[in-house]
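# Close look at the chain arrangement
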Amino acid sequence: MIPSRAITSGPKHHWFGYYDKLQFDPSARYALGMQVDFEHRPPAPDDCIRIGMVDLADGDRWITLGESRAWGWQAGCMLQWMPQSSNKIIWNDRTDGQFVSHILDVDTTQTRTLPHPVFTLSPDGHTALSIDFHRLEDMRPGYGYMGIPDPWYDVNAPADTGIHTVDLRTGETNLIVSLAEVAGTPYPHGEILSAKHYFNVLIFNPGGTHFLFLHRWRFGDGPFHTRMLTAKADGSDLTVVDHSGHTSHLIWRDDSHILAWSHRPSHGGAYYIFPNADDGSRGPDQIVGKTRMPLNGHCTYLSDNYWILNDTYPQGEERLQDLYLYHVPTDRRIDLGRFHSPPPYTDTLRCDLHPRSSPDGTKIIIDSAHGGNGRQMYLFEVGNLVGVQSCGH
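Attention in this report is confined to the structure presented alongside it. Since we're looking at a predicted model, the values are computed, not measured.

### Side note on the pairing of strand β16 (residues 224–232)
Sheet topology note: the strand β15 (residues 210–218)/β16 ladder contains nine bridges and is antiparallel. Paired with H215 across the two strands is R227, which belongs to β16. Linking β15 back to β16 in an antiparallel pair, the connection comprises five residues, with G220 at a positive phi of about 60°. With four bridges connecting them, β16 and strand β17 (residues 239–245) associate as antiparallel partners. If you follow M228 over to β17, its bridge partner there is D242. Between β16 and β17, which pair antiparallel and follow one another directly, the connecting turn spans six residues, one of which, G235, has a positive phi of 90°.

Take a look at the structure:
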């Protein structure tokens, strides 16, 4: 266990959301976050949150930068630092009856608005991938955005929507993978065309050549099923990487391998390394941290790929969430802390730790409600633990 410090405080509530986004600027001085006045209920269409950043070198001073009406408790509004930029951020919003994204220069306060929301950004900062957030909200309430109905609500697998590219310089968008195309890709465990389909969790690989995504579907009011696919950046070379039906949290290890929690016949529930292919010749399943990382969590690699940063959902009667680092070469786990999640934080209203690291791997920030003043953000200094020296300010 190592000490941490709260970098936000009440009475307002603060959090960041998804674990695969760039929360820190390149210097690790500023950390992005969202601020809201209430908790313990789903957002209504007109509920507005504030966008801001914490100056970690100036007494953790909160700096308000904007606002959003397109958000949820889990993924927020896809707020993130623009890759390859020291001064630009992006987030989603809803204006004039459509979902949009804003790109803000934090130095000049100049803002550009693109007519499309974003989900994930390419490593060069030139392209984003987007999905239909109204369909996501309909299929998985609490993960998409309120305020706009799904235009394809009555269509199980529409051909006119799916994954879009967004040119972050011009705003031009193109459909590159349709729901109809993926739903029609054979599934070895049964017929799925009669189910209703949607996409979630898109992430570019470090080189920007490919992206992964989750294809999910439901039969009526039943549970959702999942498979993981990859494609080239232009949507071609569509490949099913895991068709177990149980792919969950995941991250690219490098340009051609993915770390993902899945449930496969070989080892049951575990973290597996998936090559970006499924041609039948990849050999036996490769698992990571079977005994040290036995539970599903929000996994990322630190900058050197030797360390995995991870968490757990609340466990036991005390509802404790674990935060830890796992050293892959030595199968060593370092526990950073256990944090109580109060009972009101359940289902889509929960406060996952969603740990994020700074670019140099020396700092970690989590969202947590353990402090008794609602969800807030907490900072850990881990440079000495992982053998990395901070770049300083």
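### Comments concerning the sheet that holds strand β28 (residues 376–381)
An order of β1-β28-β27-β26 is seen for the four strands of this open sheet, with the pairing classed as antiparallel. Looking along the sheet, the strands with just one partner apiece sit at the ends: β1 (5–6) and β26 (356–357).

### A short note on the layout of surface pockets
When its volume is computed, the largest pocket comes out at roughly 980 Å³. For the largest pocket, the lining is made up of 35 residues, of which D20, K21, L22, P206 and Y301 are closest to its centre. Among the secondary structure elements, those contributing two or more residues to the lining of the largest pocket are β6 (80–81), β10 (120–121), β14 (196–204), β18 (250–254), β22 (300–301) and β26. At three residues, the largest contribution of residues to the lining of the largest pocket is made by β18. The space that makes up the second largest pocket amounts to roughly 420 Å³. Lining the second largest pocket we find 25 residues, and of these R140, R216, S248, H249 and Y313 sit closest to its centre.

Parameters at a glance
Residues numbered from 1 in each chain as written. Predicted model: local features only at pLDDT ≥ 70, side-chain atom pairs only at ≥ 80, totals over all residues. Heavy atoms only, no water. Pairing = 2+ DSSP bridges. Helix = DSSP H or I, 4+ residues; strand = E, 2+ residues; numbered from the N terminus. 1 Å grid on protein atoms, 1.4 Å probe; cavity = no way out; pocket = protein on both sides within 12 Å on 5 of 7 lines; lining within 4 Å. Points joined across faces, edges and corners; volume = space filled by probe spheres on them.

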